[in-house]
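# Topology and contacts: notes
Now for the letters of each chain:
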Amino acid sequence: MSEDLYQEIILDHYKNPRGKELNVTSRGQSHQVNPTCGDEVTVDVGLNADGTLQVAYTGQGCSISQASASVMSELINGKTPDQAAPIQAAFMELMRSKGQSEPDEELLEDGVAFIGVSKFPARIKCALISWMALADSQIKAQLTTEMR
Amino acid sequence: MFDIAKVRADFPILSRTVRGGPLVYLDSGATSQKPFQVLDAERHFYENSNAAVHRGAHALAEEATDAYEGARETIATFVCAETDEIVFTKNATEAINLVAYAFSNATDKARQGIEVDQRFVIGPGDSIVVSEMEHHANLIPWQELCSKTGASLRWFGITDEGRLNIESGVIDSTTKIVSIVHQSNLLGTINPVREIMEMAHAVGALGLVDLCQSVPHMPVDVVDLGADFAAWSGHKMLGPTGIGILWGKSDLLNSMPPFLTGGSMIEMVNIDHSTFAPAPKRFEAGVPMVAQAVGLARACEYLTDLGMENIFTHEQELTAYTLAELAKLQGVRVIGPTDMVERGSAVSFVVDGIHPHDVGHLMDSKGVAVRVGHHCCWPTCRRLDVPATTRISTYLYNDKADIDQAILGIMAAQDFFGSAPRVSA
């Protein structure tokens, strides 16, 4: 039950966040809040010389929102926009799955731990807030790929 | 006093299980549960007397009208008000908006040269006074009124303990209305509203009190509070959702422009202009919430039978117990008054290192329903430097065993998260 939601991977990312407050040359920034609870995440997106993405985030909120931001940053940093797009789509799909999907671990890595969260409607927004901020900052930075 | 076991037996939902265990409902500040007496009253109305009120020449229409107007009388008696001073609204939020829009609409009409009551005309140079512990429902309507009219918004700040800081000079001769919460839904603080209403009247301003968290939990005499308007909701006092109350002094209600317009609220209608019914009908456009009014009246009777003094005493004991038990936990800090002086039954707290969402989730896994978040009091949270809180809010059907289960839930959260990082503000 609680263990369903709070898998070890999630607790680990919460306690040891990756990619938080990284120094990036921001080309696009997005600040997202969850107005029902006050959770906040700011995501900055920049570009490396090789055309891969730099992603940094700051924020405060529950374990799910902060762990998700950490996983997001780990997954997306260093990927090209083309490589990032299917990962982003897969995470969205996972969160819509109500615990029913079999997520692609090759693609989502630690992100698969969030399958339990998708069973708790009140917590899905927590898991998505950083991914929403990422998508929005990519649009602002024009570093997005047309999704097909 | 009353027999808690007997009371609990009146609430069907309290016998259900949640997450494999008994439900421990500690979220009555958000909405109360309903006794079968209220559910039966609504059902009885639909099964026997359902019709649109104030129209139709048939027996059912008469019965429905009697039920609706009888409900108004019962609810008025419950708060020591006159019957025609009770306006039914969708909820407390709409009740407050109704008053804010009276200002807005009167001001618009005055600009057109239409004669209106000057007490409701507001503009640049005028002020509206609220407090830093208002629910968004008693804040945003006034922010909007200010942005439409050029009036300025002022507020009483709060102390670190969550008490109102009633500084002089906030209410002055520019003030047109003072709108203050009686009991804070986040902090539990009970405010000296009578004193504040006197300050408002001393400068010729009107006064509104938000009674959402007080009417369900303590005896309230709206006239004795000294306000001009009062707003509260039905669903927090054992009644149905979809019904709220605006109480207003008759002479004020009758000099306010209508809010929502249409059927039922008119006196005479021509193709190009109309006149309006006296209050309360002037504010009840369309077919109203009859079954909900019947249910709410039954809720008032239920509460009266138990005795509001008894309910208040019971909850005071329970709140003192809650505060004492929370004080025993390391790393738990109450947000709001920690003593029982002028304090109601909403108890907010934060747990070191664990975000309120996670605390609430772990409590839920023990069957304990609590509210987490900013409780529609975002400015209050900012002032007290917490991103959010977890809130235990009790009612007449709760007992110490519920609090004990909540404490176990908090301990489970502390246990589960172990050495989680501190929550940054």
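Residues numbered from 1 in each chain as written. Chains lettered and ligands numbered in written order. Predicted model: local features only at pLDDT ≥ 70, side-chain atom pairs only at ≥ 80, totals over all residues.

## Quick word on the overall build of chain A
Convention followed: Put simply, DSSP H or I for four residues or longer makes a helix, DSSP E for two residues or longer makes a strand, and each gets a number counted from the N terminus. The atom set for the radius of gyration is the C-alpha atoms, and the globule formula is 2.2 Å times the number of residues raised to the power 0.38. Buried, partly exposed and exposed are defined by the number of other C-beta atoms within 10 Å of a residue's own C-beta, namely 20 or more, between the two limits, and 12 or fewer respectively, with C-beta atoms placed from the backbone. We call two residues in contact when their backbone-placed C-beta atoms lie within 7 Å.
A tally of helices and strands in chain A yields six helices and three strands. In chain A, the succession of α and β elements from N to C terminus is α-α-β-β-β-α-α-α-α. Against the 2.2 N^0.38 benchmark of 15 Å for 148 residues, chain A shows a C-alpha radius of gyration of 14 Å, consistent with a compact globule. On the principal axes, the C-alpha backbone points of chain A span a range of 45 × 30 × 25 Å. Out of the 148 residues belonging to chain A, those deemed buried represent 45%. A separation of at least 24 residues holds for 60% of the contacts in chain A among residues at least 6 apart in sequence.

## Focus on the interface of chain B and chain A
Stated formally: Here the nonpolar group is Ala, Val, Leu, Ile, Met, Phe, Trp, Tyr, Cys and Pro; Asp, Glu, Lys and Arg are the charged ones; every other residue, Gly included, is treated as polar.
At the junction of the two partners, chain B supplies 19 residues and chain A supplies 13 residues. Mapped by element, the contributors of at least two residues to the side of chain B that touches chain A are α10 (356-364), β17 (371-373) and α11 (378-383) of chain B. At four residues, α10(B) tops the list of elements feeding residues into the side of chain B that touches chain A. Taken together, the residues that form the side of chain B that touches chain A break down as 10 nonpolar, seven polar and two charged.

## Here's the deal with the environment of B:H375
Residues and elements named next belong to chain B. Secondary-structure assignment places H375 in the loop between β17 and α11. For H375, a count of 27 C-beta atoms within 10 Å gives the class buried. It is 12 Å that separates the C-alpha atoms of H375 and P356, two residues lying 19 residues apart in sequence. Once you skip the residues sitting within four places of it in the chain, H375 turns out to touch N185, L186, T389 and R391.

## Considerations on the sheet that holds strand β10 (residues 229-233) of chain B
What holds strands together in a sheet is hydrogen bonding between their backbones, with the strands either parallel or antiparallel. Residue and element names in this part refer to chain B. We apply this condition: DSSP bridges decide pairing: two strands pair if at least two such bridges lie between them.
Pairing is mixed in the open sheet, where eight strands are placed in the order β4-β11-β10-β9-β8-β5-β6-β7. One side of each edge strand has no neighbouring strand; the edge strands of this open sheet are β4 (86-89) and β7 (164-165). Two elements, strand β8 (residues 175-181) and strand β9 (residues 206-210), share five bridges in a ladder whose sense is parallel. Bridged to V178 within β9 is G207.

## A short note on the nonpolar core
To be explicit about the condition: Note on terminology: a nonpolar core is a set of buried residues of type Ala, Val, Leu, Ile, Met, Phe, Trp, Tyr or Cys, with members joined through C-beta atoms within 7 Å. Note that the domain bounds were set by an automatic or database domain assignment.
Counting 132 residues, the largest nonpolar core has B:A230, B:A231, B:I245, B:V290, B:A293 and B:A406 as the members making the most contacts within it. Three or more residues apiece are contributed to this core by two domains, here domain 1 (4-30 + 307-417) and domain 2 (42-304) of chain B. In contact with B:A293, other than residues within four places in its own chain, are B:Y68, B:A71, B:R72, B:F88 and B:I243. Residues A:I64, A:A84, A:I115 and A:L134 belong to the second largest nonpolar core, which totals 38 residues.

## Describing the sheet that holds strand β1 (residues 28-34) of chain A
All names here are of chain A. So the rule is basically this: To obtain an axis, a line is fitted to C-alpha atoms, over the contacting stretch when the element is a helix, and the angle between two such axes runs from 0 to 180 degrees between their N-to-C directions.
Pairing within the open sheet is antiparallel, and its three strands lie in the order β1-β2-β3. Each edge of the sheet is formed by a strand with only one pairing partner; in this case those strands are β1 and β3 (53-60). Each neighbouring strand pair of the sheet contributes to a mean axis angle of 15°, computed without reference to strand direction. As paired strands, β1 and strand β2 (residues 39-47) are joined by seven bridges and run antiparallel to one another.

## Here we look at helix α4 (residues 92-111) of chain B
All names here are of chain B. Here is the rule: A helix is expected to span 1.5 Å multiplied by its residue count minus one.
For α4, which comprises 20 residues, the first-to-last C-alpha distance of 29 Å matches the rise-based estimate of 28 Å (1.5 Å per residue) to within 8%. Of all 20 residues in α4, 15 are buried, a share of seventy percent or more. In the stretch just after α4, G113 is the one whose phi turns positive, near 85°.

## With respect to the pairing of β8(B)
All names here are of chain B. What counts, and what does not: By the criterion used throughout, a crossover qualifies as right-handed when its path from the first strand across the helix to the second strand runs clockwise, the strands pointing away from the viewer.
Among the seven residues in β8, seven count as buried, and that is most of the element. Pairing of strand β5 (residues 127-131) with β8, which is carried by three bridges, proceeds in the parallel orientation. Note that in β8 the partner of S127 across the bridge is T175. Where the polypeptide runs from β8 across helix α6 (residues 193-202) and back to β9, its parallel neighbour, the crossover connection is right-handed.

## Structural notes on the packing of helix α2 (residues 8-15) of chain A against helix α3 (residues 63-76) of chain A
For any two helices packed against each other, one specifies the inter-axial angle together with the distance between the axes. All names here are of chain A. This is how the line gets drawn: Roughly parallel here means an angle under 35 degrees, roughly antiparallel means over 145, roughly perpendicular means 65 to 115, and every remaining angle is called oblique.
Close contact between α2 and α3 brings their axes to 8 Å; oriented N to C, the two are set at 85°. Taken together, the axis directions place α2 and α3 in an arrangement best described as roughly perpendicular. Contact residues: I10, L11, H13 and Y14 in α2; S63, I64, Q66, A67, S70 and V71 in α3. Tallied by class, residues from the contact of α2 with α3 come to six nonpolar, four polar and no charged.

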